[in-house]
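Understanding the architecture of this molecule
As a plain string of letters, each chain reads:
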Amino acid sequence: MKRRTFIRNSVLGATALATTPMLSKGLQEKALQISLAQWSLHRSFQDGTLDSVDFASIAMEKYNIDALEYVNGLYPDKGKDEKFWKQMKDRSTDAGVKNLVMMVDDEGDLGSASENNRLQSVENHYKWVHAAKLLGCHTMRVNAFGDSDREIYRMAIMDGMSRLADYAAELDINIVIENHGLFSSDAALIAGIIKEVNRPNFGSFPDFGNWCLSAKWGSTQGDCDKIYDRYQGVAELLPYAKAVSAKSYNFNAKGEDTKIDYYRMMKIVKESDFKGYIGIEYEGMEKSEHEGIMITKNLMKKAWDKA
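Looking now at the overall build of the chain. Counting its regular elements, the chain contains ten helices and eight strands. Dimensions along the principal axes, computed over C-alpha positions, put the chain at roughly 80 × 45 × 45 Å. Looking at the chain as a whole, 50% of its 307 residues are labelled buried. Counting only contacts in the chain whose residues sit at least 6 apart along the sequence, the fraction spanning at least 24 positions is 76%. Only carbon and sulfur atoms are counted for the fraction: they give 49% of the accessible area of the chain, which is about 14700 Å². Averaging the coordinates of the 40 positive side-chain charges in the chain and doing the same for the 44 negative ones gives two points 10 Å apart.

Shown next as structure tokens:
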């Protein structure tokens, strides 16, 4: 073989080897990873139909879901009970599931204008950071409630979140804001706050619902005076997301959510750089919790495949 031909073939061969993996990677479909938010079954846990300590086995045995998001309100007296959380971790290991998120409510306003109240709220969250660590979670979801003045709120919430994120970083736990109404559902504001706080373990937890700007908790299932565009909001928060919540309400005859365009929403998530889990969080009343979870799971898969 002539030297010129050999060099040309070698270069072509090397180029092919170098580009083939990249092409394959680009052509690979991003897999849908589904988790289950415990809130989807909160009525059954609260009325005693189900026991919250069995969440892991329920998720796997009833729904074949192997990733979980816990709600602290279903374990109100267990925040500092290390033995309990170690046992819960053992239960999840035995069930073959992994624990992802601890969702924390009712521990004070992290964006309070009062420094004393704000610092107390930060400290109130510490026990749940430890519980999340013992469970094997990577993330703790908090609420970004606080002062009613936008600028005072912005400065206060940055302080509260910075302090909590720094504490959680020592245990390798992420702190994330979920849109839960009022200023926390102003995605542009929250995205700016996350950028300014600038902590690698501080981010967002975009929820498909909860975009009411005029009410605490932000549910857009009923009436709301002022609503942030849900599709815009999810898109704005996704660059900082550590997890995503697929809120669902009620369904039509085709099994599609009557409030949220899942095809559009899942396309936004799929085309983003987000690579984590999307959690089922059924909050409707027309179906049983079991039916709502199953319908949401099927809808997520169908919408993802068409995205």
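Now that the structure is up, let's keep going.
Ranked by internal contacts, the top residues of the largest apolar core, which has 88 residues, are M102, M140 and F208. F208 has contacts with R230, V234, V244, S245, A246, K247, I260, Y262, M265, M266 and V269, leaving out every residue within four places of it along the chain.

Let us now look at the pattern of salt bridges. Close approach of charged atoms allows side chains of opposite charge to pair. Per the counting criterion, the structure on display carries 16 salt bridges. Between K247 and E283 there is a salt bridge, with its nearest N and O atoms 3.7 Å apart. Separated by 36 residues along the polypeptide, K247 in strand β7 (residues 244-248) and E283 in the loop between β8 (278-282) and α10 (289-306) bring together distant segments of the chain. Residue E283 is classed as buried on the basis of its relative accessible area of 18%. Taken together, the shared-partner salt bridges connect D207, K247, E281 and E283 into one network.

Taken as a whole, this structure holds one disulfide when the rule is applied. Each sulfur of the disulfide joining C212 and C224 lies 2.0 Å from the other. Across the S-S bond of C212 and C224 the torsion is about 90°, and the bridge reads as right-handed. Highlighted residues: C212 in the loop between β6 (202-204) and α8 (230-237) and C224 in the loop between β6 and α8, separated in sequence by twelve residues. C212 sits in the buried class, given a relative accessible area of 1%.

With that settled, consider the sheet that holds β7. Reading across the sheet, the eight strands line up as β6-β5-β4-β3-β2-β1-β8-β7 and stay open at both edges, with parallel pairing between neighbours. Both edges of this open sheet fall to β6 and β7, since each of them pairs with a single strand only. Here the average twist between neighbouring strands, direction ignored, is 30°. The pairing of strand β5 (residues 174-177) with β6 spans three bridges and is parallel. Across the sheet, I177 pairs through a bridge with S204, a residue of β6.

What follows is about the side chain of D207. Its location among the elements puts D207 in the loop between β6 and α8. The buried category is assigned to D207, whose relative accessible area is 0%. At a separation of 3.1 Å, a polar atom in the side chain of D207 contacts the side chain of S245. In this structure the side chain of D207 is engaged in a polar contact, spanning 3.2 Å, whose partner is the side chain of K247. Once residues within four sequence positions are removed from consideration, D207 is found in contact with E178, N179, V234, S245, K247 and E281.

In this section: the confidence of the model for the chain. Caution applies to low-pLDDT regions: their predicted coordinates should not be interpreted in detail. Summing up the model confidence of the chain, the mean pLDDT is 92 and the portion of residues at 70 or higher is 91%. Considering only residues more than four positions removed or in separate chains, one finds that residues 1-27, a stretch of pLDDT under 50, has two contacts.

With phi around 60°, D172 is a residue other than glycine that occupies positive phi space. The class for D172 is exposed, based on a relative accessible area of 61%. Even without a glycine there, the phi angle at L182 is positive, about 55°. Mapped onto the fold, L182 is located in the loop between β5 and α7 (187-197). A residue is classified by how much of its surface remains accessible, and L182, at 33% relative accessible area, is partly exposed.

Parameters and conventions
Residues numbered from 1 in each chain as written. Predicted model: local features only at pLDDT ≥ 70, side-chain atom pairs only at ≥ 80, totals over all residues. Heavy atoms only, no water. Helix = DSSP H or I, 4+ residues; strand = E, 2+ residues; numbered from the N terminus. Buried < 20%, exposed > 50% of the residue type's maximum accessible area, 1.4 Å probe, protein only. Contact = heavy atoms within 4.5 Å. Areas by Shrake-Rupley, 256 points an atom, 1.4 Å probe, with all protein chains shown as cover. Lys, Arg positive; Asp, Glu negative; His and termini not counted. Charge placed at Lys NZ, Arg CZ, Asp CG, Glu CD. Core = buried A, V, L, I, M, F, W, Y, C linked by side-chain atoms within 4.5 Å. Salt bridge = Lys/Arg side-chain N within 4 Å of Asp/Glu carboxyl O. Disulfide = S-S within 2.5 Å. Pairing = 2+ DSSP bridges. Axes fitted to C-alpha atoms, helices over the stretch in contact; angles between N-to-C directions. Polar contact = N/O pair within 3.5 Å; in protein donor to acceptor, adjacent residues only side chain to side chain. pLDDT = per-residue confidence, 0-100.

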